[in-house]
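Here are the chains, one letter per residue:
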Amino acid sequence: MDFQYIKVDPQAKKNIALIRLNRPKELNALNLQLMGEIRDALHTLDEDDRVRVIVIAGNERAFAAGADIKEMAGKDAIDMLKADQFSTWDQIRKTRKPLIAAVSGFALGGGCELAMTCDMIVASETARFGQPEIKIGVMPGAGGTQRLARAVGKVRAMEMVLTGKFITAEEALQYGLINRIVPVELYLREALRLAAEIAEMAPLAAQLAKESIRAAFNTGLDEGLRFERKNFYLLFASKDQKEGMQAFVEKRKAQFRGE
Ligand code: HXC
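Parameters at a glance
Residues numbered from 1 in each chain as written. Predicted model: local features only at pLDDT ≥ 70, side-chain atom pairs only at ≥ 80, totals over all residues. Heavy atoms only, no water. Axes fitted to C-alpha atoms, helices over the stretch in contact; angles between N-to-C directions. Helix = DSSP H or I, 4+ residues; strand = E, 2+ residues; numbered from the N terminus. Parallel < 35°, antiparallel > 145°, perpendicular 65-115°, else oblique. Contact = heavy atoms within 4.5 Å. Nonpolar A, V, L, I, M, F, W, Y, C, P; charged D, E, K, R; others polar. Buried < 20%, exposed > 50% of the residue type's maximum accessible area, 1.4 Å probe, protein only. Salt bridge = Lys/Arg side-chain N within 4 Å of Asp/Glu carboxyl O. Pairing = 2+ DSSP bridges. Polar contact = N/O pair within 3.5 Å; in protein donor to acceptor, adjacent residues only side chain to side chain. Core = buried A, V, L, I, M, F, W, Y, C linked by side-chain atoms within 4.5 Å.

S.K.: Got a sec to walk through the packing of helix H10 (residues 203-215) against helix H11 (residues 221-235)? Specific residues and values, please.
M.R.: Running from N to C, H10 and H11 cross one another at 175 degrees; their axes reach a closest spacing of 9 Å. With respect to H11, the axis of H10 lies roughly antiparallel. Of the residues in H11, those touching H10 at Leu204, Ala205, Leu208, Glu211, Ser212 and Ala215 are Phe227, Glu228, Asn231, Leu234 and Leu235. Here the contact of H10 with H11 is built from residues that sort into seven nonpolar, two polar and two charged.

So this is what it looks like as structure tokens:
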């Protein structure tokens, strides 16, 4: 997996893949190629049985400072429509394995949206989140109005999107946007530690639980409960269910194989 704008380590730790955005001079601005590379890497990692959890990180200064403004500046609506960048985002969103964003520094615009597309966010104390698109005459386009409103509530989303202001890691934690804050030198290690904790669990259960939680944001309660129940039953077809329950009875640690 050789890419220009990202670095991928499919086994950064046992059963954990790490994708690092790698356009440091541009604060990891998300150009179309970079997003395509993330999509392709995630597709490959989703198919790789050794990988159970995927971490996406930038660097200390920036997770990503948004879509590449210089790439977009001269485009008109039809150029944007034809580029169809959001089908890339849709494919990223469909990743079955748990995704953790490790955020330090700026997570702005598309960068904040990419972090929110992940299932969990571990942030360094220097992390800054924002949807500043309004300052450049547009608005969020990759889920920023939808996911932010769901994550932090209407009035906070309104203020962030309508003023473009950045929030600190502390505020993001208080708003329920992120899972935790750690010192900057530990943020990646903590994201990988959290990934390792999840990677010890039954992989199919993790994937179906992820799918079910995501359904909570798309369905009414009755439909969501039906969906959850089907996934719950489905896991009784897995070897890991037998292993997990047998291990409990035998008072030993379960060895899950993702089967
Ligand atoms: C292109 C960017 C960029 C971006 C930073 N850079 N953000 N290039 N697109 N989104 C470039 C700068 O031009 C500069 O390059 C270099 O990165 C360093 O940035 P500076 O501005 O010099 O750094 P600093 O003064 O520390 O300010 C950091 C910053 C600021 C506050 C993050 O760069 C900034 O406001 N960036 C834009 C943030 C933003 O508006 N994001 C939303 C984009 S729209 P040079 O060559 O000059 O050194 C969006 C829509 C998403 O995301 C739609 C769906 C995908």
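S.K.: Could you give an account of unusual backbone geometry, naming the residues involved and the relevant values?
M.R.: A positive phi is found at asparagine 28, a non-glycine position, where the angle reads about 60 degrees. Using a relative accessible area of 0% as the deciding quantity, one classes asparagine 28 as buried. With a phi angle near 45 degrees, aspartate 84 is a residue other than glycine that sits in the positive phi range. Within the secondary structure layout, aspartate 84 lies in the loop between helix H3 (77-83) and helix H4 (85-93). A relative accessible area of 40% means that aspartate 84 is categorised as partly exposed.

S.K.: Run through the pattern of salt bridges, naming residues and quoting values.
M.R.: Tallied over the full model, the rule gives 18 salt bridges. Lysine 239 is the salt-bridge partner of glutamate 259, the closest N and O atoms lying 3.8 Å from each other. Taken together, the residues span a long stretch of sequence, with glutamate 259 in the segment after helix H12 (239-249) and lysine 239 in helix H12 at a distance of 20 residues. We classify glutamate 259 as partly exposed; its relative accessible area is 36%. Residue lysine 239 is classed as exposed on the basis of its relative accessible area, which comes to 56%.

S.K.: Can you break down the sheet that holds strand S6 (residues 106-108) residue by residue, with the values?
M.R.: Sheet strands associate in pairs through backbone hydrogen bonding, adopting either a parallel or an antiparallel arrangement. One open sheet accounts for four strands, arranged S4-S6-S8-S9; its pairing is mixed. Both outer strands of the open sheet, strand S4 (62-64) and strand S9 (166-168), are each paired with one neighbouring strand and no more. Each adjacent strand pair in this sheet contributes to an overall mean axis angle of 20 degrees, direction not counted. Packed onto the sheet, helix H5 (residues 110-117) meets S4, S6 and strand S8 (128-130) and runs at close to 90 degrees relative to S6.

S.K.: With reference to specific residues and values, describe the sheet that holds strand S1 (residues 6-13).
M.R.: Strand order in this open sheet of six strands is S1-S2-S3-S5-S7-S10, and the pairing throughout is mixed. Where the open sheet ends on each side, the last strands, each with one partner, are S1 and strand S10 (180-182). Going across the sheet, the axis of each strand differs from the next one's by a mean of 20 degrees, ignoring polarity.

S.K.: Before we move on, can you summarise the side chain of asparagine 231 with the specific residues and values?
M.R.: Mapped onto the secondary structure, asparagine 231 falls in helix H11. At 2.9 Å, the side chain of asparagine 231 forms a polar contact with the side chain of serine 212. Apart from residues no more than four positions distant in its own chain, asparagine 231 is found in contact with Leu208, Glu211 and Ser212.

S.K.: Give a description of the environment of valine 152 that names residues and reports values.
M.R.: Positionally, valine 152 belongs in helix H6 (residues 144-152). Owing to a relative accessible area of 7%, valine 152 belongs among the buried residues under this scheme.

S.K.: So what about the nonpolar core? Which residues, and what values?
M.R.: Ranked by internal contacts, the top residues of the largest apolar core, which has 45 residues, are Ile19, Leu21, Ile38, Phe63, Val103, Phe129 and Leu177. The element that contributes the greatest number of residues to this core is helix H1 (residues 32-47), accounting for six residues. Core analysis: the next-biggest nonpolar cluster, separate from the first, contains 18 residues, Leu18, Ala102, Val122 and Leu192 among them.

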